[in-house]
Amino acid sequence: MLFISENDVRKAVSIAEVIERVENAFLHYSRGLIQVPSRVTLRVRDENNDAIFLVANYRSMPFYGIKEASSFPTNMLKGKPTVMSNIQLYSADTGEPLALVSAVYLTALKTGAASAVATKHLAIQGNVSIAIIGTGVQARTQLEAVQHVKKLKELRVYDIDKSRAKKFAEYAENNKNSNYPIIISTSANECIENVDVIITATTSTIPVFDDEYVKRGAHINAIGSFTPDMQEIAEQTVVRADKIVTDNQEETWKVAGDLLVPLKAGKIDRTRLYGELGDIVAGKLPGREREEEITIYESVGFGALDIAVAVLAYEKSSLLGIGTEVNL
Ligand SMILES: NC(=O)c1ccc[n+]([C@@H]2O[C@H](COP(=O)([O-])OP(=O)(O)OC[C@H]3O[C@@H](n4cnc5c(N)ncnc54)[C@H](O)[C@@H]3O)[C@@H](O)[C@H]2O)c1
């Protein structure tokens, strides 16, 4: 079995390859070529610590696999990482374990790539201004992936922690792929006002901006809300958006506070969800149809994508002689 470390992943895969695999996984899922059972979430010892298990079984590739992600906020007090993740890949021919992939960075790449695919199909055409709210780990790969599919006119960033926003702006300055201005905003509303593509990558439990600042024609990638009590998107924006798209409808109605909170309050019903991104990629549903539409991609995490990018890391590592062979 090949052990692929965080460093190995960084050496083995590029954002362009990850975006291609993620878009392909959306397509294959829509065509019924990937079986994705419901996720299992374990609340570990009632301390707000969760272990999440995502599984996918490919019919279009000789692999199946499982991703485990530990979200342990209390680790902050112990000086340990709060999020850890790994993916085990198995051969669909023999059932043998093929790889153990350390997947913190790979998850961030995958999540960025999914936003890039959503932006490609749902944002307005041409160059765009971008706002990123929440400038932690995910923000970097969100920017890397989205600027791969869209040319930026301007980047605005905001975080409740000003030092994080400043650090991220420095990172963005050193990693931009064209010449656009980068602005550190003093509020979330200032950050998103008149912006074409809004990315929320926070751990917030209350909406991070007010609806009136969302311009007509805006596209939002909401990636942070993954429990029923987490929210990033203003409820009124959820009510008035023209299209709300998700990675996986079943999981969304179990975990996405952005939709579940207004649903419980009777402000929306389940028909608010337009459909899955895979069906747009496959051409079964139209993406953006009008310049002035407001669109939202609500991302909750989806095993089909994680296993697809783990296969990429395994194939590239095997090809390039990266990783460590381990005998079980
Ligand atoms: N959708 C997916 O597939 C997926 C994948 C990975 C992570 N996530 C989720 O994305 C979120 C962000 O992850 P991360 O690893 O970047 O976390 P992080 O802790 O590194 O960064 C989160 C940032 O958000 C900021 N923040 C919190 N509340 C805010 C608010 N109200 N306004 C502005 N900024 C605020 C924090 O200061 C921090 O800088 C988490 O909830 C994580 O679970 C989702």
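Residues numbered from 1 in each chain as written. Predicted model: local features only at pLDDT ≥ 70, side-chain atom pairs only at ≥ 80, totals over all residues. Heavy atoms only, no water.

Caption draft 1: Representation of the domain arrangement of the chain in the model. For the chain, the domain assignment lists domain 1 (2-106 + 304-325) and domain 2 (112-301). The gap between the C-alpha centroids of domain 1 and domain 2 is 23 Å. Each partner contributes to the interface: domain 1 provides 18 residues, whereas domain 2 provides 28 residues. Along the contact surface separating domain 1 from domain 2 lie two salt bridges. Notably, a salt bridge pairs K120 with E23, separated by 2.8 Å at the nearest N-O pair. Linking domain 1 to domain 2 there are nine residue pairs in polar contact (both at pLDDT 80 or more). (Domains from an automatic or database assignment. Contact = heavy atoms within 4.5 Å. Salt bridge = Lys/Arg side-chain N within 4 Å of Asp/Glu carboxyl O. Polar contact = N/O pair within 3.5 Å; in protein donor to acceptor, adjacent residues only side chain to side chain.)

Caption draft 2: Looking closely at the nonpolar core. Residues V13, V22, F26, V101 and L106 are the most contacted members of the largest nonpolar core, which totals 50 residues. Of all the elements, helix α11 (residues 303-320) adds the most residues to this core, at 10 residues. The residues contacting F26, other than those within four sequence positions of it, are A114, V117, D247, L277, G278, V281, Y297, F302 and L305. Counting residues in hydrophobic clusters, the runner-up holds 26 residues, among them I133, F209, A218 and I220. (Core = buried A, V, L, I, M, F, W, Y, C linked by side-chain atoms within 4.5 Å. Buried < 20%, exposed > 50% of the residue type's maximum accessible area, 1.4 Å probe, protein only. Helix = DSSP H or I, 4+ residues; strand = E, 2+ residues; numbered from the N terminus.)

Caption draft 3: Geometry of the side chain of K110. Among the structural elements, K110 can be located in helix α3 (residues 104-122). Judged by relative accessible area, K110 falls into the buried class, the value being 6%. Setting aside residues up to four positions removed in sequence, K110 forms contacts with V18, V22, G301, L305, D306 and V309.

Caption draft 4: Focus on empty space enclosed by the protein. Counted by the stated rule, this structure contains one cavity of 30 Å³ or more. In this structure, the largest cavity encloses a volume near 60 Å³. Along its surface, the largest cavity is lined by V36, P37, S38, R39, L54, V55, N248, E251, G301, F302 and G303. Two domains each donate at least three residues to the lining of the largest cavity, and these are domain 1 (2-106 + 304-325) and domain 2 (112-301). (1 Å grid on protein atoms, 1.4 Å probe; cavity = no way out; pocket = protein on both sides within 12 Å on 5 of 7 lines; lining within 4 Å. Points joined across faces, edges and corners; volume = space filled by probe spheres on them.)

Caption draft 5: Broad picture of the layout of surface pockets. By volume, the second largest pocket is sized at about 170 Å³. Lining the second largest pocket are R10, V104, Y105, A108, V137, R140, T141, E144 and Y171. Of all elements in the fold, only α3 and α4 (137-149) reach the threshold of two or more residues within the lining of the second largest pocket. Here the residues of the lining of the second largest pocket sort into five nonpolar, one polar and three charged. Taken domain by domain, the lining of the second largest pocket gets at least three of its residues from each of domain 1 (2-106 + 304-325) and domain 2 (112-301). (Nonpolar A, V, L, I, M, F, W, Y, C, P; charged D, E, K, R; others polar.)

Caption draft 6: Expanded view of the pattern of salt bridges. Scanning the model with the defined rule gives 23 salt bridges in all. Where D8 meets K11, a salt bridge forms, and the shortest distance between an N and an O atom there is 4.0 Å. On the criterion of helical spacing, the pair formed by D8 and K11 is a turn pair, its members being three residues apart in helix α1 (residues 6-12). Its relative accessible area of 10% is what places D8 among the buried residues. Overall, K11 belongs to the exposed group, its relative accessible area being 59%. The residue E315 makes a salt bridge to R21 at a minimum N-O spacing of 2.7 Å. One end of the pair, E315, is in helix α11; the other, R21, is in helix α2 (residues 15-30), with 294 residues separating them in the sequence. The exposure class assigned to E315 is partly exposed, which follows from its relative accessible area of 31%.

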